[in-house]
Amino acid sequence: MLRRFLAEDFTVSKRQLGALLLGIGVVALLVALISFVGQGPRLVQVPGAAGGVVSALVGLTLLPLGDMPA
């Protein structure tokens, strides 16, 4: 797997990019929600939650596109 990843002709597929964006979105949303429960600064909560939702939705739309290059 690592050999394929380090090859010169390696390209990221839309499924891989979608999974990455989905993971980043979920983590950002969780951090915003944990900050909300802990009464952290509102400056971080709203944009973090919005960015997490947008990132997760874009990631979900890329997953069904399969192995096409991104």
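Nothing here was measured: the structure is a model prediction, and the numbers come from that model.

Caption draft 1: Main features of the overall build of the protein chain. Regarding its fold elements, the protein chain presents three helices and zero strands. Each helix and strand of the protein chain, placed in order from N terminus to C terminus, yields the pattern α-α-α. Expressed as lengths along the three principal axes of its C-alpha atoms, the size of the protein chain is roughly 45 × 25 × 15 Å. Expressed as a percentage of the 70 residues in the protein chain, the buried residues total 17%. Entry remark: accessible area of the protein chain is about 5200 Å², with carbon and sulfur atoms responsible for 76%.

Caption draft 2: Highlighting the environment of Ile34. By the secondary structure assignment, Ile34 is in helix α2 (residues 14–37). Once the C-alpha coordinates of Ile34 and Gln45 are considered, the two residues, eleven residues apart in sequence, prove to be 9.0 Å apart.

Caption draft 3: A look at a nonpolar patch on the surface. On the surface, Val26, Leu30, Leu33 and Ile34 cluster together to form a nonpolar patch covering roughly 380 Å² of accessible area. As for its placement among the helices and strands, Val26 is situated in helix α2.

Caption draft 4: Structural detail: the environment of Leu33. Looking at the element boundaries, Leu33 is found in helix α2. Taking the C-alpha atoms as reference points, Leu33 and Leu20, 13 residues apart in sequence, are found 20 Å from one another.

What counts as what
Residues numbered from 1 in each chain as written. Predicted model: local features only at pLDDT ≥ 70, side-chain atom pairs only at ≥ 80, totals over all residues. Heavy atoms only, no water. Helix = DSSP H or I, 4+ residues; strand = E, 2+ residues; numbered from the N terminus. Buried < 20%, exposed > 50% of the residue type's maximum accessible area, 1.4 Å probe, protein only. Areas by Shrake-Rupley, 256 points an atom, 1.4 Å probe, with all protein chains shown as cover. Patch = residues over 30% accessible without salt bridge, like charges linked within 9 Å, V, L, I, M, F, W, Y side chains within 5 Å. Salt bridge = Lys/Arg side-chain N within 4 Å of Asp/Glu carboxyl O.

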